[in-house]
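# Fold and contact review
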Amino acid sequence: MIREFCGFGGYTREPEGYLSWQHLAFVTSLMIIMVVLAFVFGKKHRNDLESDKKSHRVLVISAIVIDVSELIYLVILCLRSKNPFAWLYDLPLFLCSIQMISIPLAAFSKGRLKDAAKDFVCIFGVLGAVMGTYAAGNNYSCYPVFGIENVSSGIIHAVAGFTALYIFISGKASMKKRNIWITFTVLLGFCVAAYVANILLDYNYMFLMRGDGTPYDIVYNWVGGSPVLYPISVVLLFLIYICVFYGIYFIIEKPKKKSESANADK
């Protein structure tokens with residue numbers, strides 16, 4: 001059973017398929033758990049006198065779970081392929097896997113870096129959770145739903161989504177305008193690193209080379225597969241998304257702050 005789950009010797013099962021009922025049932029279960037836990041812990045710690053300490057503890061646990069899940073997968077991947085360098089093709093250079101760095105930074109750093117890391121988690125956590133599960137045609141078309149690839153990926157994306165929702169619900173989101181440039185810089189830095197890795201390894205980190213069965217295929221087809229326009233378009237979409245996210249957040253939060261200020265004056 002363990003050999004089959006980890007894929008040692010190759011899977012004997014055929015993949016259930018992208019958007020099969022098994023795929024949808026599995027990822028929907030993860031999303032329900034993600035939302036319920038975020039709501040329960042977020043509401044519990046929002047008005048708690050020791051909420052800062054408890055919120056920090058939740059971030060630490062999230063950081064440990066997401067990184068340990070990826071580490072276990074990488075070890076199995078290297079053992080299964082009998083290639084100690086197989087991890088080169090699973091570097092944290094996808095948009096979702098950047099959370100394996102940003103969540104630990106949110107948990108263990110301080111000051112402005114901590115705030116910027118929490119912002120990054122909030123901006124991309126839920127988006128990555130949904131896109132990396134429901135839209136992951138590249139995974140669910142190739143591997144069984146209950147295989148190490150999809151289970152590990154599902155846990156990683158769900159933890160990222162949980163952490164983002166938890167930060168918002170617990171009232172610990174920073175989302176300061178002065179940190180927007182940090183978010184831009186971090187994202188652009190990872191995009192450059194991903195593109196260089198793609199050239200050197202002939203890979204597709206950040207989906208900057210092609211869509212690979214994901215919604216990025218829409219952009220790829222729209223620009224006719226241009227090796228120049230396609231990656232530029234993908235990066236521009238990332239930046240536009242950040243701006244839209246901040247804009248919507250400020251629109252929602254402004255009335256709340258005015259109301260809180262008015263109540264405080266009373």
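Presented here is an overview of the structure given in this document. What you see is a predicted model, and the numbers here were worked out from it, not measured in a lab. (Residues numbered from 1 in each chain as written. Predicted model: local features only at pLDDT ≥ 70, side-chain atom pairs only at ≥ 80, totals over all residues. Heavy atoms only, no water.)

Now for the nonpolar core. Membership of the largest hydrophobic core comes to 44 residues, with the highest contact counts inside it found for Leu 95, Met 175, Leu 187, Met 206 and Phe 238. Counting only elements with at least two residues in this core, the list comes to helix H3 (51-81), helix H4 (99-108), helix H5 (111-131), helix H7 (148-169), helix H8 (180-201), helix H9 (216-222) and helix H10 (229-265). The greatest single-element share of this core, amounting to nine residues, is contributed by H10. Setting aside chain neighbours within four positions, we find Phe 238 in contact with Leu 95, Phe 124, Leu 187, Cys 191, Met 206 and Tyr 216. (Core = buried A, V, L, I, M, F, W, Y, C linked by side-chain atoms within 4.5 Å. Buried < 20%, exposed > 50% of the residue type's maximum accessible area, 1.4 Å probe, protein only. Helix = DSSP H or I, 4+ residues; strand = E, 2+ residues; numbered from the N terminus. Contact = heavy atoms within 4.5 Å.)

So, about the packing of H5 against H7. Their axes nearest at 7 Å, the elements H5 and H7 cross at an angle of 130°. In this view, H5 runs oblique relative to H7, as classed from their interaxial angle. As for how H5 packs across H7, the hand of that crossing is left-handed. Between H5 and H7, the contacting residues are Lys 118, Val 121, Cys 122, Gly 125, Val 126, Gly 128 and Ala 129 on the first element and His 157, Ala 160, Gly 161, Thr 163, Ala 164, Leu 165, Ile 167 and Phe 168 on the second. Each residue belonging to the contact of H5 with H7 can be placed in one class, and the counts come to nine nonpolar, five polar and one charged. (Axes fitted to C-alpha atoms, helices over the stretch in contact; angles between N-to-C directions. Parallel < 35°, antiparallel > 145°, perpendicular 65-115°, else oblique. Left-handed = near helix turned anticlockwise from the far one by under 90°. Nonpolar A, V, L, I, M, F, W, Y, C, P; charged D, E, K, R; others polar.)

Of note, Phe 184 is situated in helix H8. Separated by 55 residues in the primary sequence, Phe 184 and Leu 239 place their C-alpha atoms 6.9 Å from one another. The residues touching Phe 184, leaving out its near neighbours within four places in the chain, are Leu 239, Ile 242 and Cys 243.

For the pair H4 and H7, interaxial distance at closest approach is 11 Å and the crossing angle is 40°. Classed by the angle they form, the pair H4 and H7 counts as oblique. Helix-helix and strand crossings are classified by hand; for H4 and H7 the assignment is left-handed. Contact with H4, carried on its side by Gln 99, Met 100 and Ile 103, involves Ile 156, Val 159, Ala 160 and Thr 163 of H7 and no other residues of that element.

Below, the discussion takes up H5. An α-helical turn contains 3.6 residues, so a residue and the one three or four places further along point in the same direction. Taking 1.5 Å of rise per residue, the 21 residues of H5 would be expected to cover 30 Å, and the 30 Å separating its terminal C-alpha atoms lies within 8% of that figure. Maximum bend of H5: about 35°, positioned at Phe 124. (Expected span 1.5 Å × (residues − 1). Bend = angle between axes of the 7 residues up to and from the residue.)

A word on the layout of surface pockets. Considered as a void within the structure, the largest pocket measures approximately 1,100 Å³ in volume. Contributing to the lining of the largest pocket are 38 residues, with Phe 94, Asn 138, Asn 139, His 157 and Phe 207 lying nearest its centre. Contributions of two or more residues to the lining of the largest pocket are made by H3, H5, helix H6 (137-140), H7 and H10. Considering every element that reaches the lining of the largest pocket, the biggest residue donor is H7, with five residues. For the lining of the largest pocket, the per-class residue count stands at 23 nonpolar, 10 polar and five charged. (1 Å grid on protein atoms, 1.4 Å probe; cavity = no way out; pocket = protein on both sides within 12 Å on 5 of 7 lines; lining within 4 Å. Points joined across faces, edges and corners; volume = space filled by probe spheres on them.)

What the rule picks out here adds up to four salt bridges. Residues Glu 4 and Arg 13 are paired through a salt bridge, measuring 2.9 Å at the closest nitrogen-oxygen approach. Ionic pairing is found between Glu 149 and Arg 80, a salt bridge with its closest N-O pair at 2.6 Å. Here Glu 149 is found in helix H7, whereas its partner Arg 80 is found in helix H3, with 69 residues between them in sequence. The buried category is assigned to Glu 149, whose relative accessible area is 6%. (Salt bridge = Lys/Arg side-chain N within 4 Å of Asp/Glu carboxyl O.)

What follows covers H4. Within H4, seven of the 10 residues are buried, which leaves the element mostly enclosed by the surrounding structure. Those residues of H4 that sit buried are Gln 99, Met 100, Ser 102, Ile 103, Pro 104, Ala 106 and Ala 107.

Moving on, we come to a nonpolar patch on the surface. Together, Val 228, Ile 232, Leu 236, Leu 237, Ile 240, Val 244, Ile 248 and Ile 252 give the surface a local cluster of nonpolar side chains, amounting to about 710 Å² of exposed area. Classification of Val 228 as exposed rests on a relative accessible area of 52%. (Patch = residues over 30% accessible without salt bridge, like charges linked within 9 Å, V, L, I, M, F, W, Y side chains within 5 Å. Areas by Shrake-Rupley, 256 points an atom, 1.4 Å probe, with all protein chains shown as cover.)

With that out of the way, let us pick up the packing of aromatic side chains. Applying the stated criterion across every chain yields a total of 17 aromatic pairs. Judged by centre distance (6.5 Å) and plane angle (65°), the ring pair of Phe 94 and Tyr 203 falls under edge-to-face. Of this pair, Phe 94 sits in the loop between H3 and H4 while Tyr 203 sits in the loop between H8 and H9, placing them 109 residues apart in sequence. When the ring of Phe 168 is compared with that of Phe 245, the centres are 6.1 Å apart and the planes differ by 35°; the resulting orientation is tilted. Taken together, the positions of Phe 168 in helix H7 and Phe 245 in helix H10 put the pair 77 residues apart, joining distant regions of the chain. Relative accessible area serves as the criterion here: at 25%, Phe 168 is assigned to the partly exposed category. By relative accessible area, Phe 245 is classed as buried at 18%. A connected cluster of aromatic rings, assembled from ring pairs, spans Phe 120, Phe 124, Phe 168, Tyr 241, Phe 245, Tyr 246, Tyr 249 and Phe 250. (Phe/Tyr/Trp six-rings, centres within 6.5 Å; stacked < 30°, edge-to-face > 60°.)

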